[in-house]
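Examination of the molecular architecture
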Amino acid sequence: MLDSKLIREAAELIRHSRYGVAFTGAGISVESGIPAFRGADGLWNKVDPIYFEIDFFRKKPYQSWKVIKEIFYDKLSDAEPNISHHMLAKMGERGFIESVITQNIDHLHSKAGSKPVYELHGTYKQLVCIECQSEFDLNFANFDFLPPTCYVCKGILKPDMVFFNEPIPHFAKKRSFEQAEKADVFIIIGTNAEVFPANTIPVKAKETGAKIIEINIEPSQFTESITDIFLNGKATEVMSALGALLYLDDY
Ligand code: APR
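Small disclaimer: the values here were computed from a predicted structure and weren't measured. (Residues numbered from 1 in each chain as written. Predicted model: local features only at pLDDT ≥ 70, side-chain atom pairs only at ≥ 80, totals over all residues. Heavy atoms only, no water.)

**Concerning the overall build of the protein**
- The helix and strand tally for the protein stands at eight helices and nine strands.
- A compact globule built from 251 residues should have a C-alpha radius of gyration of about 18 Å, and the protein, at 18 Å, falls within 12% of that.
- Across its three principal directions, the C-alpha atoms of the protein cover 55 × 35 × 35 Å.
- A burial count over the protein gives 51% of its 251 residues as buried.
- Summarising the internal contacts of the protein: among those between residues at least 6 apart in sequence, 68% fall at separations of at least 24.
- If you sum the accessible surface of the protein, you get close to 12,100 Å²; carbon and sulfur atoms cover 52% of it.
- Distance between charge centres in the protein, computed from 27 positive and 34 negative side chains, equals 3 Å. (Helix = DSSP H or I, 4+ residues; strand = E, 2+ residues; numbered from the N terminus. Rg over C-alpha atoms; globule rule 2.2 N^0.38 Å. Buried < 20%, exposed > 50% of the residue type's maximum accessible area, 1.4 Å probe, protein only. Contact = heavy atoms within 4.5 Å. Areas by Shrake-Rupley, 256 points an atom, 1.4 Å probe, with all protein chains shown as cover. Lys, Arg positive; Asp, Glu negative; His and termini not counted. Charge placed at Lys NZ, Arg CZ, Asp CG, Glu CD.)

See below:
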């Protein structure tokens, strides 16, 4: 059962925010049918993360692509934004938040209309050549033969997602820290805060004075350390309640 007093407190903080920023993880997309990575039904309980490790991918691109195509490309294209993505987009339209920083590669924030969206771990919507770095939109990829190859140099194409042991894209990382430093209200939705360096961004927001609102079905590593208001519930339930209090559906 949602704590209505805390929800009202959070809504007031968001309503009066000078520079609100949202930070999301896999939990916001679970109700769009995309499994989270950790927890009871987590993807990493079913699939070996090695297929998403960059050195393994370079050595055995076919084996990696077979798994990646099944998990992401056969499923994500049908996924739709849920009410949480839509409420964040409306918060952006109303000026309650200025940006969305996401660890997700599912493109659902952009699909819901949020902008700007800083994709810390890249996107499945683009492929990049591991030889010449040419980039191709997903629509140009031919998955009949795996691994897909580059139209320029015939090198192997990789999803433009950050694999394990790969660095976070410089631009997304730089902008995300800038947003965190500017934020006076920072809304964390559906992340368990395990992955570095993404998990240092909410800490930066806290250090530079932001009030932290966290939405999760269970406490994360942030909850006891930086969170000011913990809204314990499913993202869609909490975001619907916040949307009602902020009259987001009336515009
Ligand atoms: N509503 C809100 N929170 C939810 C919901 C929901 N319906 N369902 C799950 N959660 C929470 C879980 O309690 C957990 O804290 O979402 C979080 C999901 O955690 P992870 O699966 O670890 O996802 P995330 O934190 O985004 O992982 C970060 O790890 O493997 C890498 O690159 C991958 O971007 C990913 C990164």
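**Some points on the site of the ligand**
- Around the ligand, the surrounding shell holds 22 residues, and the nearest of these are Ala26, Phe37, Arg38, Thr191 and Asn216.
- Measuring from an oxygen atom of the ligand, one finds a side-chain N or O atom of Asn216 at 2.7 Å.
- Tallied by class, residues from the shell around the ligand come to nine nonpolar, nine polar and four charged.
- If you count residues domain by domain, the shell around the ligand takes at least three from each of domain 1 (1–34 + 79–121 + 168–251) and domain 2 (35–77 + 122–161). (Near = heavy atom within 4 Å. Polar contact = N/O pair within 3.5 Å; in protein donor to acceptor, adjacent residues only side chain to side chain. Nonpolar A, V, L, I, M, F, W, Y, C, P; charged D, E, K, R; others polar. Domains from an automatic or database assignment.)

**Comments concerning the packing of helix H4 (residues 83–93) against helix H8 (residues 235–245)**
- For the pair H4 and H8, the least separation of the axes is 8 Å and the interaxial angle reads 35 degrees. As for the relative orientation of H4 and H8, their crossing is left-handed in sense. Together, Ile83, Ser84, Met87, Leu88 and Met91 of H4 and Ala235, Thr236, Met239, Ser240, Leu242 and Gly243 of H8 make up the contact between the two elements.
- Its residues assigned to classes, the contact of H4 with H8 shows seven nonpolar, four polar and no charged. (Axes fitted to C-alpha atoms, helices over the stretch in contact; angles between N-to-C directions. Left-handed = near helix turned anticlockwise from the far one by under 90°.)

**Focus: the environment of Gly95**
- Note that Gly95 resides in the loop between H4 and strand S2 (99–102).
- The partly exposed category is assigned to Gly95, whose relative accessible area is 34%.
- For Gly95 and Ala198, which are 103 residues apart along the polypeptide, the C-alpha to C-alpha distance reads 24 Å.

**Focus on the domain arrangement of the protein**
- For the protein, the domain assignment lists domain 1 (1–34 + 79–121 + 168–251) and domain 2 (35–77 + 122–161).
- The C-alpha-based centres of domain 1 and domain 2 are spaced at 27 Å.
- Listed as interface residues are 16 residues of domain 1 and, on the opposing side, 14 residues of domain 2.
- Roughly 1,200 Å² of surface becomes buried between domain 1 and domain 2 when both sides are summed, with 59% attributable to carbon and sulfur atoms. (Buried area = accessible area lost by both parts, 1.4 Å probe.)

**Thoughts on unusual backbone geometry**
- The step from Lys115 to Pro116 runs through a cis peptide bond, and the omega angle for that step is -10 degrees.
- By secondary structure assignment, the location of Pro116 is in the loop between helix H5 (108–112) and strand S3 (117–119).
- Cis geometry is found at the peptide bond from Leu146 to Pro147, where omega equals -5 degrees.
- In this fold, Pro147 is placed in the loop between strand S5 (135–137) and strand S6 (157–161).

**Some details on the sheet that holds strand S4 (residues 122–129)**
- Pairing is antiparallel across the open sheet formed by three strands, whose spatial order is S5-S4-S6. Where the open sheet ends on each side, the last strands, each with one partner, are S5 and S6. Averaged over all adjacent pairs, the angle separating strand axes in this sheet is 40 degrees, with direction ignored.
- Inspection of the sheet shows S4 paired to S5 by three bridges, in the antiparallel sense. Looking across to S5, one finds that Gln126 is bridged to Asp137.
- Packed on one face of the sheet, helix H3 (residues 61–73) meets S4 and S6 and runs near 40 degrees to S6. (Pairing = 2+ DSSP bridges.)

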